[in-house]
Protein chains: 2
Amino acid sequence: MNNIFVIGVGLIGGSFALDIKSHNSESRIYGIDKSEEHLDEALSLGVIDEKANFEDLNKADLVIVAIPVDATLEVLPKVLDQVSEHAIVFDAGSTKEDICLKVKQHPKRRNYLAAHPIAGTEYSGPSAAIKGLYKNKTNIICEVEDTAFKLQEKALKLFSELGMRIRYMNPKAHDKHIAYVSHLSHISSFMLGKTVIEKEKNERDIFDMAGSGFESTVRLAKSSPAMWTPIFEQNKTNVIETLEEYINNLKHFKQLMESGDFEAVYNEMETTNHIKEILNGNQ
Amino acid sequence: MNNIFVIGVGLIGGSFALDIKSHNSESRIYGIDKSEEHLDEALSLGVIDEKANFEDLNKADLVIVAIPVDATLEVLPKVLDQVSEHAIVFDAGSTKEDICLKVKQHPKRRNYLAAHPIAGTEYSGPSAAIKGLYKNKTNIICEVEDTAFKLQEKALKLFSELGMRIRYMNPKAHDKHIAYVSHLSHISSFMLGKTVIEKEKNERDIFDMAGSGFESTVRLAKSSPAMWTPIFEQNKTNVIETLEEYINNLKHFKQLMESGDFEAVYNEMETTNHIKEILNGNQ
């Protein structure tokens, strides 16, 4: 795979570009982005080798679509329209149901692999791209049976070179579970940031009191609204469900505090403590 | 200050012990703890030099009280009863109002400095103690005028050697603001962990989907319930107020999603984004 096209030269697309280049120096990375500024930045940072257009996609061996999920709905069918029979196209979107549905009937559906690499940071843009971002990260692949077998093989070889673990899942299950382990954390973090900023807006010194715990919990509130708004929109039903459960748990905790039942408050925390072992995979 | 007594040889007390030892090799660190196991562990890890009892406190130059805030209410007056006129005693509790009130009338009040070093990790016990924990961290000191001037000086010299920044605050203001920048984050994290565990308890593989974002947001849910329950109890009124505002913000976000107003959803995130600059001190 020598001609690699990256659509969206930000953190996700850019990090793929850097890793692919370092694993295969023969490959030439073409960048496509709606922001000319981002393209120039990616070029000067060595994230891409060359700027390109949609018309050039016919010479692509691999196309990575790494743009907000609303834009993916628009762009993915057009990409499939352009690519040759031997090209593999994958996306990196944090929702899968709407995207898979959008190209279900596309004549080149078998050139597309629906992917969600669980990797990233709270930063964005070409300068946020880093080598090795995907090492030891999980990549969720949906509807694998709808991708041509030889193209699956190519993509899986690449993911394996980058050090990723693969999990197969249907788009509905993906969107439901990812709402809990990813989308909800972003909202909890944004609203925590909002609550504290609102309260403390006139007391700038207060943030001197914030320790590493607060920073960790509020880290995701630095994330890009342009990326996250369409994710919440596409995964609306699942996200609302997680929010409802989260709000109910918070209300319950507050009620226990109000009624002075601190034994129950203790138990609430004690039973959640085993998140340690769960996250270490020792459950 | 040669005879240093650490009451509670866990993460906080143990880290003070390690730093003091490395800055002053002359000092001898005595450990007091209700857990004999922790004392043995602290001894074998070199966190303390010797086990001790309350009766030995009369030879102390410095006493650090680093135990849960409910235990501090019991222990601090007894410590003050025992120490000599030239000893300085400080605590490290995450609440200050109840503790300051408890010793307000104590005949040795001027031997006590009310402190809250904003430092820690989600781990606990002697093995969690680390050198350099306090470097560049904020230490909030309350009612400084109630501590004897010469003893203030000793404590401040120590904090300065350890690399801490000092902020002065009254206990009421401390408890109110710390509820926002610390206590609320712990509850948001515990309840996030609870929500996800409840939902996914039968689907262990799901945690493979959790990325670094989830881990960061849920990190504080690994914290010790024995430490945090009495903090929430002592700071009940303030914490309930923060929880109320947090729940209202989450409900509002959910309503915006339900009504399909994703422009407003975008704005909610956009206005919170500047938490970046706030945490970097560039506001």
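Residues numbered from 1 in each chain as written. Chains lettered and ligands numbered in written order. Predicted model: local features only at pLDDT ≥ 70, side-chain atom pairs only at ≥ 80, totals over all residues.

1. Regarding the environment of B:Ala42
Residue and element names in this part refer to chain B. Heads up, the condition is: Secondary structure elements follow DSSP: runs of H or I of four or more residues count as helices, runs of E of two or more count as strands, with numbering from the N terminus. By definition, residue pairs are in contact when their C-beta atoms, positioned from the backbone, come within 7 Å.
Counting through the fold element by element, Ala 42 comes out in helix H2 (residues 36–44). For the pair Ala 42 and Ile 20, spaced 22 residues apart in sequence, the C-alpha to C-alpha distance is 15 Å. Beyond its immediate chain neighbours, meaning those up to four positions away, Ala 42 contacts Val 9, Gly 14, Gly 31, Val 47, Ile 48 and Pro 126.

2. Some remarks on the sheet that holds strand S3 (residues 50–51) of chain A
Residue and element names in this part refer to chain A. This is how the line gets drawn: A pair of strands is considered paired only if DSSP assigns at least 2 bridges between the two. All axes here are fitted lines through C-alpha atoms, helices being fitted over the stretch that makes contact, and every angle between N-to-C directions spans 0 to 180 degrees.
Here we have 8 strands laid out as an open sheet, ordered S3-S2-S1-S4-S5-S6-S7-S8, and mixed in their pairing. Both outer strands of the open sheet, S3 and strand S8 (165–169), are each paired with one neighbouring strand and no more. Summarising the sheet, strand S1 (residues 3–7) and strand S2 (residues 28–32) pair through 5 bridges and their orientation is parallel. Following the sheet pairing, Phe 5 is matched in S2 by Tyr 30. Those strands touched by helix H6 (residues 171–200) are strand S6 (112–117), strand S7 (138–142) and S8, and its axis lies near 140 degrees from that of S7.

3. Some words on the domain arrangement of chain A
Residue and element names in this part refer to chain A. For clarity, the cut-off: Boundaries of every domain are those given by an automatic assignment or by a domain database. Gly falls in the polar group here, along with every residue not listed as nonpolar (Ala, Val, Leu, Ile, Met, Phe, Trp, Tyr, Cys, Pro) or charged (Asp, Glu, Lys, Arg).
Domain annotation for chain A reports domain 1 (3–171) and domain 2 (174–279). Taking only C-alpha atoms into account, the centre of domain 1 sits 30 Å from that of domain 2. In this complex, domain 1 contributes 16 residues to the contact, which on the side of domain 2 involves 15 residues. Counting only elements with at least two residues in the side of domain 1 that touches domain 2, the list comes to helix H3 (69–82), helix H4 (97–102) and S7. Counted by class, the side of domain 1 that touches domain 2 contains 6 nonpolar, 5 polar and 5 charged residues.

4. Details of the nonpolar core
Selection criterion: Each nonpolar core reported here comprises buried Ala, Val, Leu, Ile, Met, Phe, Trp, Tyr and Cys residues connected via C-beta atoms within 7 Å. Neighbour density around each residue's C-beta defines its exposure: 20 or more other C-beta atoms within 10 Å make it buried, 12 or fewer make it exposed, and counts between make it partly exposed, where C-beta atoms are placed from the backbone.
Within the largest apolar cluster, 182 residues are counted, with the highest numbers of intra-cluster contacts made by A:Val6, A:Val63, B:Val6 and B:Val63. Among all residues touching A:Val6, those that are not within four sequence positions of it are A:Gly13, A:Phe16, A:Ala17, A:Ile29, A:Gly31, A:Ile48, A:Ile64 and A:Ala66.

5. Digging into the pairing of strand S4 (residues 62–65) of chain A
Residue and element names in this part refer to chain A. Rules: Handedness is read with the strands pointing away from the viewer; a crossover is right-handed when the path from the first strand over the helix to the second is clockwise.
By the alternation rule, side chains of S4 split into Leu 62 and Ile 64 and Val 63 and Val 65, which are all buried. In terms of strand pairing, S1 meets S4 through 4 bridges, oriented parallel. Following the sheet pairing, Phe 5 is matched in S4 by Val 63. As paired elements, S4 and strand S5 (residues 88–91) share 4 bridges and run parallel to each other. By the bridge assignment for S5, Val 63 is matched with Val 89. Each parallel crossover has a hand, and for S4 linked through H3 to S5 it is right-handed.

6. Points about helix H2 (residues 36–44) of chain A
All names here are of chain A. Under the convention used in this document: What the arc covers is the set of directions going from the helix axis to the C-beta atoms.
Of all the residues in H2, the buried ones are His 38, Leu 39, Glu 41 and Ala 42. For H2, the arc enclosing every buried residue in end-on projection is 165 degrees, short of the 170-degree limit, so these residues lie on one face. Within H2, the exposed residues directed more than 90 degrees away from the buried face are Glu 36, Glu 37 and Ser 44. At its buried positions, H2 is contacted by helix H1 (11–23), S2 and S3.

7. A closer look at the interface of chain B and chain A
Across the contact, 77 residues belong to chain B and 77 residues belong to chain A. Secondary-structure elements contributing two or more residues to the side of chain B that touches chain A are strand S7 (138–142), helix H6 (171–200), helix H7 (212–218), helix H8 (225–234), helix H9 (236–258), helix H10 (262–272) and helix H11 (275–279) of chain B. In terms of residues, the side of chain B that touches chain A owes the most to one element, H6(B), which gives 21 residues. By residue class, the composition of the side of chain B that touches chain A is 39 nonpolar, 20 polar and 18 charged.

8. Thoughts on helix H9 (residues 236–258) of chain A
Note that an α-helix has 3.6 residues per turn; residues three or four places apart therefore point the same way. Where we set the bar: By this rule, a helix spans an expected 1.5 Å times one less than how many residues it contains.
Compared with the 33 Å implied by 1.5 Å per residue over 23 residues, the 32 Å span of H9(A) between its first and last C-alpha is a close match. When H9(A) is considered as a whole, its buried residues turn out to be A:Asn238, A:Val239, A:Thr242, A:Leu243, A:Tyr246, A:Asn249, A:Leu250, A:Phe253 and A:Met257. Packing partners of the buried residues in H9(A) comprise H6, helix H8 (225–234) and helix H10 (262–272) of chain A together with H6, H8 and H9 of chain B. The positive-phi residue at the C-terminal boundary of H9(A) is A:Gly260, with phi of around 75 degrees.

9. Points about the relation of the copies chain B and chain A
This is how it is decided: All copies are superposed by least squares; the fitting set is the C-alpha atoms of residues with a pLDDT of at least 70 in both.
Least-squares fitting of chain B to chain A yields an RMSD of 0.0 Å, with the superposition described by an axial translation of 0.0 Å and a rotation of 180 degrees. With respect to symmetry, the two chain copies, as superposed, fit the operation of a two-fold axis. Within chain B, the C-alpha atom positioned nearest to the axis of rotation is that of B:Thr217, 2.2 Å from it.

10. Side note on the packing of H6(A) against H6(B)
Stated formally: Geometric relationships in this document are graded by angle, where less than 35 degrees denotes roughly parallel, more than 145 denotes roughly antiparallel, 65 to 115 denotes roughly perpendicular, and other angles denote oblique. In this scheme the handedness of a crossing depends on how the near helix is turned from the far one: anticlockwise by less than a right angle means left-handed, clockwise means right-handed.
At their nearest, the axes of H6(A) and H6(B) sit 11 Å apart, and the two run at 160 degrees to each other. The pairing of H6(A) with H6(B) is recorded here as roughly antiparallel in orientation. In this structure, H6(A) meets H6(B) at a crossing whose hand is right-handed. Taking contact as the criterion, the partners of A:Tyr180, A:Val181, A:Leu184, A:Ser185, A:Ser188, A:Leu192, A:Thr195, A:Val196, A:Lys199 and A:Glu200 in H6(A) are, on H6(B), B:Tyr180, B:Val181, B:Leu184, B:Ser185, B:Ser188, B:Leu192, B:Thr195, B:Val196, B:Lys199 and B:Glu200.

11. Considerations on unusual backbone geometry
Residues and elements named next belong to chain A. Phi is positive for Asn 136, close to 65 degrees, though the residue is something other than glycine. As for its position among the elements, Asn 136 is in the loop between S6 and S7. Given 10 C-beta atoms within 10 Å, Asn 136 falls into the exposed group.

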